[in-house]
Amino acid sequence: MRKLLVSLACFLLIPGPGKTQTRIGITAGGNLSNITWKQYSNKQNTRFLAGYQFGFTITTPINIYKRQLHIQPGILLSRKGFQQDYSDYLGNGDYKVAPYHIEVPVNFLYLIPNQSDKNVFVGLGPYIACGLGGQWEIRYNGNTGNFVGDIEYADINDQRPPQYNISDEAFNYGKRLDYGVNTLVGYELWRNLQVQAHGQLGLRNLAPPKNGLTGNEYFKNISLGISLGYLL
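Residues numbered from 1 in each chain as written. Predicted model: local features only at pLDDT ≥ 70, side-chain atom pairs only at ≥ 80, totals over all residues. Heavy atoms only, no water.

(A) Layout of empty space enclosed by the protein. This model, assessed by the stated rule, comprises 2 cavities of 30 Å³ or more. Volume-wise, the largest cavity comes out at about 350 Å³. Lining the largest cavity are 27 residues, and of these Thr 27, Leu 76, Gln 196, His 198 and Ser 227 sit closest to its centre. For the lining of the largest cavity, the secondary-structure elements that each account for two or more residues are strand S1 (23-39), strand S3 (49-62), strand S4 (69-79), strand S6 (91-112), strand S10 (177-188), strand S11 (193-202) and strand S12 (217-231). Broken down by class, the residue content of the lining of the largest cavity amounts to 7 nonpolar, 18 polar and 2 charged. (1 Å grid on protein atoms, 1.4 Å probe; cavity = no way out; pocket = protein on both sides within 12 Å on 5 of 7 lines; lining within 4 Å. Points joined across faces, edges and corners; volume = space filled by probe spheres on them. Helix = DSSP H or I, 4+ residues; strand = E, 2+ residues; numbered from the N terminus. Nonpolar A, V, L, I, M, F, W, Y, C, P; charged D, E, K, R; others polar.)

Put into structure tokens, the structure is as follows:
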């Protein structure tokens, strides 16, 4: 049985003869990200925040269904987050939280048959991501000014306590490791240049734990984006 499974895996993953082989790609683009945030069933009002991502992909054909399937892992650096309205004794303003992530998506691509030389493709797959930190910013309306601070990932008992200077406080983004699902649709503009529209749905509740246990808070990432890819 073990030999049969190994043979089947080799059959599926090793490219067959032909001009299409494993290719390295460079990708870069923009995104709009947000979070789904609930505290004791009360949904927080947040808005999408503009960000970006760039990195590398490896696209390998799978020898099945006439080579219409490909597997495409990658490694990306992305800036995501959210924004929301903010108000305190200094006035009204905008609150932005923008963490950086290293992401490893693994997409399975299906090339849609057509009569032209251009390829239309759709994709689906999982991703994992690791938070690298980042910054939050409060920008007040008018000439009040703004404050900037750090992002941390910590248990509530270990998070940075309130500070006299608000800029010394950190936004606790909870758990550093995230995972979820990618979807994408793309079009081959020229032989090596592709454009993709993509979305991510985070599946892990990132809410900060207390004593290692997550309470009645719900905190998940979501994003939409568009990017250009060049295959080497």
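(B) Region of the structure containing the nonpolar core. Ranked by internal contacts, the top residues of the largest apolar core, which has 15 residues, are Phe 82, Val 97, Phe 171, Tyr 173 and Phe 219. Here this core takes 3 residues from strand S7 (residues 120-140), the largest share from any one element. Setting aside its immediate chain neighbours within four residues, Phe 171 contacts Trp 37, Phe 82, Tyr 95, Val 97, Trp 136, Asp 150, Ile 151, Glu 152 and Phe 219. (Core = buried A, V, L, I, M, F, W, Y, C linked by side-chain atoms within 4.5 Å. Buried < 20%, exposed > 50% of the residue type's maximum accessible area, 1.4 Å probe, protein only. Contact = heavy atoms within 4.5 Å.)

(C) Up close: the layout of surface pockets. Taken as a whole, the second largest pocket holds about 490 Å³ of empty space. If you go around the second largest pocket, you meet 21 residues; those closest to its centre are Tyr 95, Gln 159, Ala 170, Phe 171 and Asn 172. Those elements that provide at least two residues to the lining of the second largest pocket are S1, strand S5 (82-88), S7, strand S9 (170-172) and S12. In terms of residues, the lining of the second largest pocket owes the most to one element, S9, which gives 3 residues. Of the residues belonging to the lining of the second largest pocket, the class tally is 13 nonpolar, 4 polar and 4 charged.

Spatial relationships are all this shows, so hold off on functional conclusions.
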